[in-house]
Amino acid sequence: QVQLVESGGGLVQAGGSLRLSCAASGRTFNTYVRGWFRQTPGKEREFVAALNRRLGSAYYTNSVKGRFAISRDDANNTVYLQMNSLKPEDTAVYYCAAGSRTSLYDSYLGYNYWGQGTQVTVSS
């Protein structure tokens, strides 16, 4: 089993920045992809960003390209999501995820483990 714990959410004004953290523990050796998703009430969980740990490749949904950056700290088994130039439409609960199906990095089907979520609210 793998446990994921997110932190770093909060309230920020439009144009501001936040950094989310996702610390993993447990049997993480085969979690080749680490991702971030977000969800607002009444909508499906949406892919935001992912990192292929084997290739070191990063992937982003179009709406966050150039504003968000995913990175990792292997020593601490932690993945980060740096969010800059935040917009009100970025408001959501953000979830980190870990999985082994790297080809499905942008789908919830690619992930076996999920964090509890952290709220990000961007005011206009």
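Chemist: Please clarify how the state of the cysteines should be interpreted in this entry.
Modeler: Each disulfide consists of a covalent bond between the sulfur atoms of two cysteine residues. Taken as a whole and judged by the stated rule, the model has 1 disulfide. Residue pairing for Cys22: its cysteine sulfur links by disulfide to Cys96, the two sulfurs lying 2.1 Å apart. Sign of the S-S torsion, about 55° for the bond between Cys22 and Cys96, identifies this disulfide as right-handed. Linking Cys22 in strand β3 (residues 18–26) with Cys96 in strand β9 (residues 92–99), this pair joins segments that are 74 residues apart in sequence. Cys96 matches Cys22 in its accessibility class, with the two residues each being buried.

Chemist: Would you take a moment to explain the side chain of Arg34 for this structure?
Modeler: Looking at the element boundaries, Arg34 is found in strand β4 (residues 33–39). In this structure, Arg34 is buried with no salt-bridge partner, the nearest side chain bearing the opposite charge being Asp74 at 6.8 Å. Here Cys22 takes part through its backbone oxygen, which lies 3.2 Å from a polar atom of the side chain of Arg34.

Chemist: Sorry if this is basic, but what is going on with the pattern of salt bridges here?
Modeler: Close approach of charged atoms allows side chains of opposite charge to pair. Applying the stated criterion across every chain, the model contains 4 salt bridges. Note that Arg38 and Glu46 form a salt bridge whose closest N and O atoms lie 2.8 Å from each other. Taking relative accessible area as the criterion, Arg38 reaches 5% and is therefore assigned buried. Salt-bridge contacts for Arg38 lead to Asp90; the nearest nitrogen and oxygen are separated by 3.0 Å. A residue pair is termed long-range when its members are at least 10 positions apart, and Arg38 in strand β4 and Asp90 in the loop between β8 (78–83) and β9 qualify at 52 residues. Exposure remark for Asp90: the relative accessible area of 0% places this residue in the buried category. What emerges from the salt-bridge pattern is a single network uniting Arg38, Glu46, Arg67 and Asp90.

About the thresholds
The residue numbering used here restarts from 1 in each chain and proceeds along that chain's sequence as written. pLDDT decides what is reported in this predicted model: residues at 70 or higher carry local features, side-chain atom pairs at 80 or more are listed and counted, and totals for whole chains, interfaces and linings draw on all residues regardless. Side-chain numbers here rest on the full set of heavy atoms in the structure, without hydrogens or water. The rule for a disulfide is simple: a pair of cysteine sulfur atoms within 2.5 Å. Helix and strand definitions follow DSSP, with helices as H or I runs of at least four residues and strands as E runs of at least two, each counted in order from the N terminus. Relative accessibility decides the category of a residue: with a 1.4 Å probe and only protein chains considered, values under 20% of the type maximum give buried, values over 50% give exposed, and everything between is partly exposed. The charged-residue count follows a simple rule in which Lys and Arg add positive charge and Asp and Glu add negative charge, with His and chain termini not counted at all. One side-chain nitrogen of Lys or Arg within 4 Å of one carboxyl oxygen of Asp or Glu is enough to make a salt bridge. Here a polar contact means two N or O atoms within 3.5 Å. Within protein one must be a hydrogen donor candidate and the other an acceptor candidate, and residues neighboring in sequence count only if both atoms are side-chain atoms.

Any link to function would need more than the numbers given here.
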